[in-house]
Amino acid sequence: MSFTSATTTYQAIGGPGTYDVTLIAVATGNCSDTITKQVIINPQPRALFEAPAVCLFDSTQFTNQTEVVTGDVVSWIYEFGDNSSVFGPNPSHQYFEPGTYTVTLNVVSDSGCIDEFKSDVFVREIPSFALLENDTICFVDQARLLAVADPSDNITWHLDKTTTNVVNTGNSFITDPMPFTSTYYAQATSSFGCESDRIPITAYVRDAAAYDLFVSDDVVEMPQAIVNFSVGSTVGINQYTWNFGDGTVSNASDPSHENNAPGLYEISLTVADEFD
């Protein structure tokens, strides 16, 4: 008597469940035997997670959404796409470079069935400034401060590093007339909502210059009514324009002037100092 044996792989098209599997063995001579056994097909888990796009240095929160029809998922392994991984259903992870990372989630059910899910996670770049300019102005002048970032970024100006008050928007900030040195803080916000640090930009105000006008005599007699003039200043003077009240002028720093007719003369001096 001879027998033929075979191994058959059968896929349960009907899905998970308990199936009665019957084996009928027929030998030569039509001798046969039958055996029936139950086969349990466990459900395969469906791996799934969600993760929002984040700004660089913020933590990415992974939310597990894996499902299995019956039983439980007992293992979750996330591979973050930056050569690091972690075990657990809902991890958070911090990336240290902007870019797109392909994250893989491998899950195992309590019956030993497995599944894998891949999805891209986006890490947005923090905006930065290409140009920052302070300004130095004279007393009660207006300062022009400059902060230039990517054209798509929104620039806001603040009085300090923490408060939400916005005093100006845009690359250029023309201040009010300023009696003293003040610092403002520029911040760039990308189209994705990522914010730079607030960068200090200062409007420096020079001390108001003080001038003293000196004359050798207030009253002189004709003829040779000569008066010597000079000026003292708290800042350097680059240009002098003396007007002697009789139609004559001088650009000397310490001029002498002779009046040719008696009278009362009003003397004026216009200067350009080292900051003009």
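Refer to the structure above for everything that follows.
So, a few notes on the structure that sits alongside this text.

Rules used throughout
Residues numbered from 1 in each chain as written. Predicted model: local features only at pLDDT ≥ 70, side-chain atom pairs only at ≥ 80, totals over all residues. Heavy atoms only, no water. Helix = DSSP H or I, 4+ residues; strand = E, 2+ residues; numbered from the N terminus. Buried < 20%, exposed > 50% of the residue type's maximum accessible area, 1.4 Å probe, protein only. Salt bridge = Lys/Arg side-chain N within 4 Å of Asp/Glu carboxyl O. Pairing = 2+ DSSP bridges. Disulfide = S-S within 2.5 Å. Polar contact = N/O pair within 3.5 Å; in protein donor to acceptor, adjacent residues only side chain to side chain. Contact = heavy atoms within 4.5 Å. Phe/Tyr/Trp six-rings, centres within 6.5 Å; stacked < 30°, edge-to-face > 60°. Lys NZ or Arg CZ within 6 Å of the ring centre and 35° of its normal.

## What about unusual backbone geometry?
Moving on, step 1. Positive phi is not limited to glycine here, since Asn83 has a value of about 70°.
Moving on, step 2. Mapping Asn83 onto the fold places it in the loop between strand E7 (73-79) and strand E8 (85-87).
Moving on, step 3. The class of Asn83 is exposed, set by a relative accessible area of 86%.
Moving on, step 4. Even without a glycine there, the phi angle at Val140 is positive, about 60°.

## Focus on the pattern of salt bridges
Moving on, step 1. One pass over the full model with this rule turns up one salt bridge.
Moving on, step 2. The residue Arg198 makes a salt bridge to Asp160 at a minimum N-O spacing of 4.0 Å. Pair noted here: Arg198 is in the loop between strand E18 (182-189) and strand E19 (199-205) and Asp160 is in the loop between strand E15 (154-158) and strand E16 (168-169), with a separation of 38 residues, a long-range link.
Moving on, step 3. On the basis of relative accessibility, which here comes to 26%, the residue Asp160 falls in the partly exposed class.

## So, the pairing of strand E2 (residues 32-41)
Consecutive side chains of a regular strand alternate in pointing toward one face of the sheet and then the other.
Moving on, step 1. Little of E2 sits inside the fold, with zero of its ten residues counted as buried.
Moving on, step 2. Across ten bridges, strand E1 (residues 17-26) lies against E2 in antiparallel orientation. Counterpart to Leu23 in the pairing with E2 is Ile35.
Moving on, step 3. From the end of E1 to the start of E2, which pair antiparallel, there are five residues, and Gly29 there has a positive phi angle of about 90°.

## Description of the state of the cysteines
Note: disulfide means a covalent bond formed between the sulfur atoms of two cysteine side chains.
Moving on, step 1. For the structure on display, the rule yields one disulfide.
Moving on, step 2. Shown here is the disulfide that connects Cys55 with Cys194, its sulfur atoms set 2.1 Å apart. As the torsion about the S-S bond is roughly -95°, the Cys55-Cys194 disulfide counts as left-handed. In this pair, Cys55 is assigned in strand E4 (residues 54-55) and Cys194 in the loop between E18 and E19, connecting sequence segments 139 residues apart. For the pair shown, Cys55 and Cys194 are each scored as buried.

## Digging into the side chain of Ser250
Moving on, step 1. Its place among the elements puts Ser250 in strand E23 (residues 249-250).
Moving on, step 2. There is a polar contact of 3.1 Å between the side chain of Ser250 and the backbone nitrogen of Ala252.
Moving on, step 3. When near neighbours in sequence (up to four residues on either side) are disregarded, Ser250 contacts Tyr240, Thr241, Trp242, Phe244 and Pro255.

## Regarding the sheet that holds E15
Moving on, step 1. Taken together, the five strands give an open sheet; going across it, the order is E13-E19-E18-E15-E16, and neighbouring strands pair in mixed fashion. With one partner strand each, in any of the chains shown, strand E13 (135-137) and E16 form the two edges of the open sheet.
Moving on, step 2. Relative to E18, E15 is paired through five bridges, and the arrangement is antiparallel. Paired with Thr156 across the bridge in E18 is Gln187.

## Observations concerning the packing of aromatic side chains
Moving on, step 1. Considering all chains together, one arrives at twelve aromatic pairs under this definition.
Moving on, step 2. Taking the centre distance of 6.4 Å and the plane angle of 65° together, the rings of Trp76 and Phe87 count as edge-to-face. With Trp76 in strand E7 and Phe87 in strand E8, this residue pair connects regions lying eleven residues apart in the sequence.
Moving on, step 3. Residues Tyr95 and Tyr101 carry aromatic rings whose centres are separated by 4.1 Å and whose planes lie at 25° to one another, so their mutual orientation is stacked.
Moving on, step 4. According to the relative accessible area criterion, Tyr101 is buried, its value standing at 12%.
Moving on, step 5. Members of the aromatic cluster, each reached through a chain of ring pairs, are Phe49, Phe62, Tyr78, Phe80 and Phe117.
Moving on, step 6. Stacked on the ring of Phe192, the Lys or Arg Arg124 has its end atom at 3.9 Å from the ring centre.

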